[in-house]
Amino acid sequence: MDKSFMSFVEGEIAKQLACKKEEVYMVWQCKTLQNIKGLFSSDVPQANGLYYEATYNGDKGELYLDTYKKASNKAIKVDL
């Protein structure tokens, strides 16, 4: 299921970006019970800093695809 999830999501994102499926990659994935969540990105110019969060709801057989753009990246020094 995880490989079919990854392949399906990469295909959907490739359609949105008008690129090849192979140009989309998974950054992170987690599976809990029948649900899967993954973060995806691409280095093609039309992605322009976007990343995607895909969530598969196994109970409903639905996939939710959210698109995000990074607004900032700030380093914070900590002593833990």
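Residues numbered from 1 in each chain as written. Predicted model: local features only at pLDDT ≥ 70, side-chain atom pairs only at ≥ 80, totals over all residues. Heavy atoms only, no water.

1. So, the overall build of the chain
- Scanning the chain from terminus to terminus reveals one helix and four strands.
- Mapped from its N terminus to its C terminus, the chain presents α and β elements in the order α-β-β-β-β.
- Across its three principal directions, the C-alpha atoms of the chain cover 40 × 35 × 15 Å.
- The burial tally for the chain puts 28% of its 80 residues in the buried class.
- Taking all contacts inside the chain whose residues are at least 6 apart in sequence as the whole, residues at least 24 apart take part in 32%.
- Accessible surface, the chain: about 5900 Å² in total, of which carbon and sulfur atoms supply 53%. (Helix = DSSP H or I, 4+ residues; strand = E, 2+ residues; numbered from the N terminus. Buried < 20%, exposed > 50% of the residue type's maximum accessible area, 1.4 Å probe, protein only. Contact = heavy atoms within 4.5 Å. Areas by Shrake-Rupley, 256 points an atom, 1.4 Å probe, with all protein chains shown as cover.)

2. Observations regarding the pairing of strand 3 (residues 50-57)
- The element strand 3 is extensively covered by neighbouring structure, given that six of its eight residues are classed as buried.
- Pairing geometry for strand 2 (residues 35-42) and strand 3, over six bridges, is antiparallel. Within strand 3, the position partnered with Ser-41 by the bridge is Tyr-51.
- With eight bridges connecting them, strand 3 and strand 4 (residues 62-69) associate as antiparallel partners. Across the sheet, the residue bridging to Tyr-52 is Thr-67, located in strand 4. (Pairing = 2+ DSSP bridges.)

3. As for a nonpolar patch on the surface
- Among the surface-exposed residues, Tyr-25, Val-27 and Trp-28 lie close enough to one another that they form a single nonpolar patch of about 300 Å² accessible area.
- Looking at where Val-27 falls in the secondary structure, it is placed in strand 1 (residues 24-32).
- Accessibility expressed as a relative area gives 55% for Val-27, which makes it exposed. (Patch = residues over 30% accessible without salt bridge, like charges linked within 9 Å, V, L, I, M, F, W, Y side chains within 5 Å. Salt bridge = Lys/Arg side-chain N within 4 Å of Asp/Glu carboxyl O.)

4. Some points on the sheet that holds strand 2
- If you walk across this open sheet you meet the four strands as 1-2-3-4, and the pairing is antiparallel. Only two strands of the sheet have a single partner each, and these edge strands are strand 1 and strand 4. Neighbour-to-neighbour, the strand axes of this sheet turn through a mean angle of 15°, independent of strand direction. (Axes fitted to C-alpha atoms, helices over the stretch in contact; angles between N-to-C directions.)

5. Here's the deal with the confidence of the model for the chain
- Predicted confidence across the chain gives a mean pLDDT of 94, with 99% of residues reaching 70 or more.
- Averaged pLDDT values for the elements of the chain fall to 94 in helix 1 (residues 2-17) and rise to 97 in strand 2. (pLDDT = per-residue confidence, 0-100.)

6. Considerations on helix 1
- For helix 1, with 16 residues, the first-to-last C-alpha span of 22 Å sits near the 22 Å given by 1.5 Å per residue.
- Every buried residue of helix 1 is accounted for by Phe-5, Val-9, Glu-10, Gly-11, Ile-13, Ala-14 and Leu-17.
- Lining the buried residues of helix 1 we find strand 1, strand 2, strand 3 and strand 4.
- Of the residues one or two after helix 1, Ala-18 is the one with positive phi, at around 55°. (Expected span 1.5 Å × (residues − 1).)

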